Amino acid sequence: MRAIAFQRCINPSCGATTDLADTTFRCPCCGGLLDVAYDWNRLPVPSSLKHFESKWANRANPLDFSGVWRFRALLPFAPEEAIITIGEGQTLCQRADAVAAFVGLNAGRLFLQYEGLNPSGSFKDNGMCAAITHARMTGARRAACASTGNTSASLAIYCSATQLLRGIIFVGSGKISYGKLSQALEHSALTIQIQGDFDDALRRVQEASRQLGLYLVNSVNPFRLEGQKAIMFRVLEALRWEVPDWVIVPGGNLGNVSSFGKAFAELAELGLIPRVPRLAVINATGADTFYQLYEKRGLRWNGGQFDQSKIDDYLAELDSANRKADTLASAIEINRPVNLPKALRALDRCNGVVRAIPDSEILDAKAKIGAGGLGCEPASAASVAGLRQLVQEKVISPSDSVVCVLTGHLLKDPDETVAYHSTDPATSAKLAARGVKQVAFANRAVQVPNDLAAIVQAIESYT
Ligand SMILES: *Cc1c(COP(=O)(O)O)cnc(C)c1O
Ligand SMILES: [Zn+2]
């Protein structure tokens, strides 16, 4: 009899399955991406999402305290004794009226899903707890990733907190922010800095993992995406199980949007939600492969028969123009998103759109989010900047209910924030060098002599 949980090729016309313990993360037949799949008929699925509220009463059990594993009935690939948690997923979905006014939504219609509260400060922990659980199930002793920073921070913290695996991280040279690099180093991951960008690092980590049998935790790993489904479960929970009209997420390697699409498709299939929300993916203009392919060249999922030649042609054009991904939103500075086919499937299922937003608008949105009380990193703010544009285009109406995912914490990348608010020419030159000439919402430090009367006067005139 077939196993209850297994891996399956995402291409419906292939549909090959592979063992749950397989760690190649490629379809054995066609080389395509894999899903974690379940025989739901043989699993105890709750009849209503309200069931999960009762888990709160049982918070002394670490599995019910976890914002991922309390939904384990909806990602049932691991026996309870194998599950790893370090308390991930204690996040907020906060009504944000000040930001709603900025983007043009009515009061009470915008919610910010703040993933900065995770143990390593980004949403990546939702997926990492699931991947590390799977790694443990397969007996792996070393786990590796290439990273723009947050995946490595997350891997490092899980390895050090559990002492179960040795973490090995590949970063491109000079691209990683100090906040994130400091986490990898502090949590004692082996840190390999290669000359090249993220796309180069990702290619190399895949080669090295094959050769050395390292367990790969990049988002090509379908178990990570299982854990990230919980972000949407928590959103629904915070909205009292009402499905919002829109969910907006920044797009880098397109793992999150793929995971969200799978979550909603499964919930609908299980009869746990009456409809799915629409999805919007926001690229930065300097790393907009998904936008170009989906919106400009009409690439679609097409039942799994998507036009690979459109992708190949576009990437070849990037290469021949020697165009590297380039944005201040470093967490989405990716030109070759590994989950592109899964993201196409998610947008097909959830009637999605893609937009690309310039860095200056991303940073302005970030300042507004901060002024509204949530500190996020630049990539996260792409979601709100994209929402603003979609409202201006009238794709989203002011009365729609919208959830923007804030993927990572402000303190991941304080340099950019200080540069934004600074008057110091050397600091703000950093932004100017990357094409951000003007910032709209800088909160400048006020220069005052060391003199009480002058200080009092400054306070009185600025408040
Ligand atoms: C990884 C990351 C992203 C990109 O997510 P994908 O799933 O790769 O599209 C966005 N924001 C932050 C803060 C991240 O760490
Ligand atoms: Zn296949």
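Before reading further, recall that the structure is shown in the block above.
So, a few notes on the structure that sits alongside this text. (Residues numbered from 1 in each chain as written. Chains lettered and ligands numbered in written order. Predicted model: local features only at pLDDT ≥ 70, side-chain atom pairs only at ≥ 80, totals over all residues. Heavy atoms only, no water.)

### Some words on a nonpolar patch on the surface
Among the surface-exposed residues, V446, V448, L452, I455, V456, I459 and Y462 lie close enough to one another that they form a single nonpolar patch of about 650 Å² accessible area. Position of I455 among the secondary structure elements: in helix α16 (residues 452-462). Given a relative accessible area of 33%, I455 falls into the partly exposed group. (Patch = residues over 30% accessible without salt bridge, like charges linked within 9 Å, V, L, I, M, F, W, Y side chains within 5 Å. Areas by Shrake-Rupley, 256 points an atom, 1.4 Å probe, with all protein chains shown as cover. Salt bridge = Lys/Arg side-chain N within 4 Å of Asp/Glu carboxyl O. Helix = DSSP H or I, 4+ residues; strand = E, 2+ residues; numbered from the N terminus. Buried < 20%, exposed > 50% of the residue type's maximum accessible area, 1.4 Å probe, protein only.)

### Regarding the coordination of the zinc ion (ligand 2)
Within the protein, the zinc ion (ligand 2) binds to C9 (SG), C14 (SG), C27 (SG) and C30 (SG); these donor distances fall in the range 2.3 to 2.4 Å. Counting the intervening residues between successive donors of the zinc ion (ligand 2) yields the motif C-x4-C-x12-C-x2-C. Given a relative accessible area of 5%, C9 falls into the buried group. (Donors = N, O, S within 2.8 Å, 3.2 Å for Na, K, Ca; no water.)

### What about the sheet that holds strand β2 (residues 17-18)?
Pairing is antiparallel in the open sheet, where three strands are placed in the order β2-β1-β3. Edge strands, defined here as strands with exactly one partner in the open sheet, are β2 and β3 (34-38). Bridge count between strand β1 (residues 5-9) and β3: five bridges; the pairing is antiparallel. Residue pairing in the sheet places Q7 in a bridge with V36 of β3. Against the sheet, helix α7 (residues 222-238) makes contact with β1 and β3, and its axis sits at roughly 60° relative to β3, the strand it touches most. (Pairing = 2+ DSSP bridges. Contact = heavy atoms within 4.5 Å. Axes fitted to C-alpha atoms, helices over the stretch in contact; angles between N-to-C directions.)

### With respect to the pattern of salt bridges
Applying the stated rule across the entire model yields 24 salt bridges. Put simply, R204 and E207 hold a salt bridge, and the shortest N to O gap is 2.8 Å. Here R204 and its partner E207 are both found in helix α6 (residues 198-212), three residues apart, which amounts to about one turn of the helix. You can call E207 partly exposed: its relative accessible area is 32%.

### As for the site of ligand 1
Residues in contact with ligand 1 amount to 16 residues; listed here are only the nearest, K124, N150, G252, N253 and T407. Within the backbone of N253, an N or O atom sits 2.8 Å from an oxygen atom of ligand 1. Residue L254 places a main-chain N or O atom 2.9 Å away from an oxygen atom belonging to ligand 1. In this structure, ligand 1 is accommodated by the largest cavity. (Near = heavy atom within 4 Å. Polar contact = N/O pair within 3.5 Å; in protein donor to acceptor, adjacent residues only side chain to side chain. 1 Å grid on protein atoms, 1.4 Å probe; cavity = no way out; pocket = protein on both sides within 12 Å on 5 of 7 lines; lining within 4 Å. Sits in = over half its atoms within 2 Å of the grid points.)

### Description of the side chain of E88
Within the fold, E88 resides in the loop between α1 (62-65) and β4 (92-95). Among buried charged residues, E88 stands out as having no salt bridge; its nearest opposite-charge side chain is R234, 7.8 Å away. Of the polar contacts made by the side chain of E88, one reaches the backbone nitrogen of I86; its length is 3.0 Å. Side-chain polar atoms of E88 contact the side chain of Y158, separated by 2.5 Å. (Lys, Arg positive; Asp, Glu negative; His and termini not counted.)

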